[in-house]
Amino acid sequence: MNSADSQRVASALEKIGYQQTETLDAADVIVLNTCVVRQQAEEAAIGKITWLAPHKARKPDVVINVMGCMVGIKGGDKLKQIYPYVDVFSPPSEPAPLLKFLAKRDGLSDREIETVQRFVLQDDLTTILNPSDGELILPRAQLGVAVTAHVPVVYGCSHACTFCIIPFRRGVERSRPVGEIAAEVRSLTAQGVKEVTLLGQIVDRYGKDVADGPNLAQLLRVINDIEGLERIRFLTSHPSYMTDELLDTVAELPKVCEQIEVPLQAGDDDVLANMKRGYTADDYRRLVERIRQRIPHVAIATDIIVGFPGESEKQFQRTYDLLADLKLDVIHLARYSPRPGTVAERRMTDDVPEEEKLRRLKALDEMQAGVLETLNAKFKDQTVEVLVEENHKGKWTGRTRNNKIVFFEDEANWQGRLAQVKITETTPWSLRGVVQNAVNGFPEPIERMMVFTER
């Protein structure tokens, strides 16, 4: 979501005449997009803001904008007292405060400021875009380069797990209209994007805040029909809201990838109840079985929090045993950290020592490495479809439909193309192989593409 927000503000700035710089010293405007979902992320954000103070002292005319979850939906009044050198504080997903500040600073009239807030696109067509109509372009630095893009479909969250700060910082759920989302995807596709990921804190709840509104399955059917789009993903799901209709839609639609990200968070029922997750470990096990039955070759990812308040060694072991049994494709691991204002922070004691949290995290990490080594070994000598995203240090890299990372070497330009790659080597974290579908004249040599890009 933060990546999508950063893309949006960069695009908005370009529409009023700014361009991205390669260095901090060259910038007239500095935007720091913040995350506070975990304490480590918040500390990193505070460090960056503090680090910018001497830069502002040296260059007082530079505009510093702090946006995102640190600011939250209520604005930055308290932060302004702590960081008086910051010029603008913007809520998550909202570039308008920065645009309005820049317009006023540059002496624009009220009418001109209104035009700025409607995102004037300064190109050959000089099109005025309304920020709610979905016609959001990529920043110019990504044009012809970006193969994938993130598209928020529902902002905020109304589920309120006891550990989660998102409802306090991003607000209640607000689903975007289908037409607005489709317009944005069509725009991205016209600019070369081949894959979009539909985003929501609980993406399965898309449309639930709208009376008789469409659900995620219906939205996927609309996006699937967009010409030029190759792949669709969505995240993050929630076990309580993943319906059979949604799973059947994933299985049916050709562009929707066989990838489900559905956080477990813990494998002990008492811990899950304390987290206010709304399901049991057996519920989750049955969900995984349903997903695998309905979607062949599916990859399932999950999130785990270790060291939640009161989590005993036996309770952690239940999480370990469940994951060892389910053998999921990805586990995102995090140590619990109290978030201000959450139920867990106000009513529970962070009583699991930090060294124990680290031990539990390491144990799961090592177990998962063994699981992945076995899972990925099955791809040896298979040919898989890879959407190629970039060339890094002489190797093309992309992902399979079920989100496995694949590397291969070839002199042709594969960026944005679908490659058939025969896997010759596997590791727990990636696959390597040899491209199979190169033919004369396709794809283009790298040198030709580089000349085209420079022009």
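The structure we're discussing is the one just above.
On a predicted model such as this, the values are computed, not experimentally measured, just so you know. (Residues numbered from 1 in each chain as written. Predicted model: local features only at pLDDT ≥ 70, side-chain atom pairs only at ≥ 80, totals over all residues. Heavy atoms only, no water.)

Chemist: So, the pairing of strand S4 (residues 148-155): which residues are in play, and what are the values?
Modeler: Of all eight residues making up S4, six are buried, and the element is well covered by its neighbours. Pairing of S4 with strand S6 (residues 195-200) involves six bridges; the strand directions are parallel. In the strand pairing of S6, Thr148 is matched with Glu195. (Buried < 20%, exposed > 50% of the residue type's maximum accessible area, 1.4 Å probe, protein only. Helix = DSSP H or I, 4+ residues; strand = E, 2+ residues; numbered from the N terminus. Pairing = 2+ DSSP bridges.)

Chemist: Describe in detail the sheet that holds strand S1 (residues 29-34), supporting the description with residues and values.
Modeler: Taken in spatial order, the three strands make up an open sheet running S1-S2-S3, and their pairing is parallel. Edge positions in the sheet fall to S1 and strand S3 (88-90), since each has one partner strand and no second. Going across the sheet, the axis of each strand differs from the next one's by a mean of 20°, ignoring polarity. Two elements, S1 and strand S2 (residues 63-68), share six bridges in a ladder whose sense is parallel. Across the sheet, residue Val29 finds its bridge partner in S2, namely Val63. Across the sheet, helix H5 (residues 96-105) touches S1, S2 and S3, and the angle it forms with S3 is around 155°. (Axes fitted to C-alpha atoms, helices over the stretch in contact; angles between N-to-C directions. Contact = heavy atoms within 4.5 Å.)

Chemist: Explain empty space enclosed by the protein to me, using residue names and the numbers behind them.
Modeler: Going through the model one piece at a time under the given rule, you end up with one cavity of 30 Å³ or more. Its boundaries defined by the atoms lining it, the largest cavity holds a volume of some 40 Å³. The wall of the largest cavity is formed by Gln259, Ala299, Ile300, Ala301, Asp329, Val330, Asn402 and Asn403. The greatest single-element share of the lining of the largest cavity, amounting to three residues, is contributed by strand S9 (residues 299-306). For the lining of the largest cavity, a count of residues per class yields four nonpolar, three polar and one charged. (1 Å grid on protein atoms, 1.4 Å probe; cavity = no way out; pocket = protein on both sides within 12 Å on 5 of 7 lines; lining within 4 Å. Points joined across faces, edges and corners; volume = space filled by probe spheres on them. Nonpolar A, V, L, I, M, F, W, Y, C, P; charged D, E, K, R; others polar.)

Chemist: Please provide a residue-by-residue account of the packing of aromatic side chains, values included.
Modeler: Aromatic rings considered in pairs are described by the distance between their centres and by the relative angle of their planes. Under the defined criterion, the tally for this structure stands at six aromatic pairs. Ring centres 6.3 Å apart and planes at 80° place the aromatic pair Tyr83 and Tyr85 in the edge-to-face group. Its relative accessible area of 10% is what places Tyr83 among the buried residues. For Tyr85, a relative accessible area of 18% gives the class buried. With 6.5 Å between their ring centres and 35° between their planes, Tyr279 and Tyr284 make a pair best called tilted. (Phe/Tyr/Trp six-rings, centres within 6.5 Å; stacked < 30°, edge-to-face > 60°.)

Chemist: Could you give an account of the sheet that holds strand S7 (residues 231-235), with specific residues and numbers?
Modeler: Ordered in space as S5-S4-S6-S7, the four strands form an open sheet in which the pairing is mixed. On the outer flanks of this sheet lie strand S5 (174-175) and S7, each paired with one strand and no other. With two bridges connecting them, S4 and S5 associate as antiparallel partners. Residue pairing in the sheet places Val154 in a bridge with Ser175 of S5. Relative to S4, helix H8 (residues 178-190) is tilted by about 170°, and along the sheet it contacts S4 and S6.

Chemist: Any details on the nonpolar core? Residues and values, ideally.
Modeler: Ranked by internal contacts, the top residues of the largest apolar core, which has 87 residues, are Val196, Leu198, Leu220, Ile223, Phe234, Ile260 and Ile291. In terms of residue count, helix H15 (residues 354-377) provides more of this core than any other element does, six residues in total. Dropping the residues within four chain positions of it, Phe234 is found in contact with Thr197, Leu198, Val203, Asp204, Leu216, Leu220, Leu246, Val250, Val256 and Ile260. In this structure, Val386, Ala412, Trp414 and Val421 belong to the second largest nonpolar core, which totals 14 residues. (Core = buried A, V, L, I, M, F, W, Y, C linked by side-chain atoms within 4.5 Å.)

Chemist: Go over the packing of helix H13 (residues 313-326) against H15, please, and point to the residues and values.
Modeler: For the pair H13 and H15, the least separation of the axes is 10 Å and the interaxial angle reads 15°. For the element pair H13 / H15, the angle class is roughly parallel. Seen along the crossing, H13 lies across H15 with a hand that is right-handed. In contact with Glu313, Phe316, Tyr320, Leu323 and Ala324 of H13, H15 contributes Glu356, Arg359, Arg360, Ala363, Leu364 and Met367. (Parallel < 35°, antiparallel > 145°, perpendicular 65-115°, else oblique. Left-handed = near helix turned anticlockwise from the far one by under 90°.)

Chemist: I'd like a description of H5, backed by residues and values.
Modeler: Each full turn of the α-helix corresponds to 3.6 residues, which orients residues three or four apart in the same direction. Residues Leu98, Leu99, Leu102 and Ala103 constitute the buried set of H5. Each buried residue of H5 lies within a common arc of 130° when the element is viewed along its axis, so the set occupies one face. (Arc of directions from axis to C-beta.)

Chemist: Outline H8, listing residues and values.
Modeler: When the terminal C-alpha atoms of H8 are compared, their 18 Å separation across 13 residues agrees well with the 18 Å that a helix rising 1.5 Å per residue should span. Next to the buried residues of H8 lie helix H1 (2-15), S4, S6 and helix H9 (216-224). Phi turns positive one or two residues past the end of H8, at Gly192, with a value near 105°. (Expected span 1.5 Å × (residues − 1).)

Chemist: Run through the pattern of salt bridges, naming residues and quoting values.
Modeler: A complete count under the given rule lists 28 salt bridges for this structure. With its nearest N and O atoms 2.6 Å apart, the salt bridge here joins Glu195 to Arg399. Of the two residues, Glu195 is situated in strand S6 and Arg399 in strand S12 (residues 395-399); the sequence distance between them amounts to 204 residues. Across the pair, Arg399 and Glu195 agree in class, each one buried. In this structure, Asp244 engages Arg294 in a salt bridge whose closest nitrogen and oxygen atoms are separated by 3.4 Å. Here Asp244, found in helix H10 (residues 244-252), pairs with Arg294, found in helix H12 (residues 281-294); they are 50 residues apart in sequence, far enough to count as distant. The class for Asp244 is partly exposed, based on a relative accessible area of 31%. Residue Arg294 is classed as partly exposed on the basis of its relative accessible area of 29%. Linked through salt bridges whose partners overlap, the residues forming this network are Glu311, Glu313, Glu356, Arg359 and Arg360. (Salt bridge = Lys/Arg side-chain N within 4 Å of Asp/Glu carboxyl O.)

Chemist: I'd love a proper account of the side chain of Thr397, names of residues and values included.
Modeler: For Thr397, the location among the structural elements is in strand S12. Setting aside residues no more than four positions away along its own chain, Thr397 makes contact with Val388, Glu389, Glu390, Ile405, Val406 and Phe407.

Chemist: Please give an account of the environment of Leu52 that cites residues and values.
Modeler: You can see Leu52 is positioned in the loop between helix H2 (39-51) and helix H3 (53-58). On the accessibility criterion, Leu52 (5% relative accessible area) is buried. Each C-alpha atom of the pair Leu52 and Ile64 lies 8.4 Å from the other, and the pair is twelve residues apart in sequence. Discounting chain neighbours no more than four positions away, the residues touching Leu52 are Leu24, Ile30, Ile64 and Tyr85.

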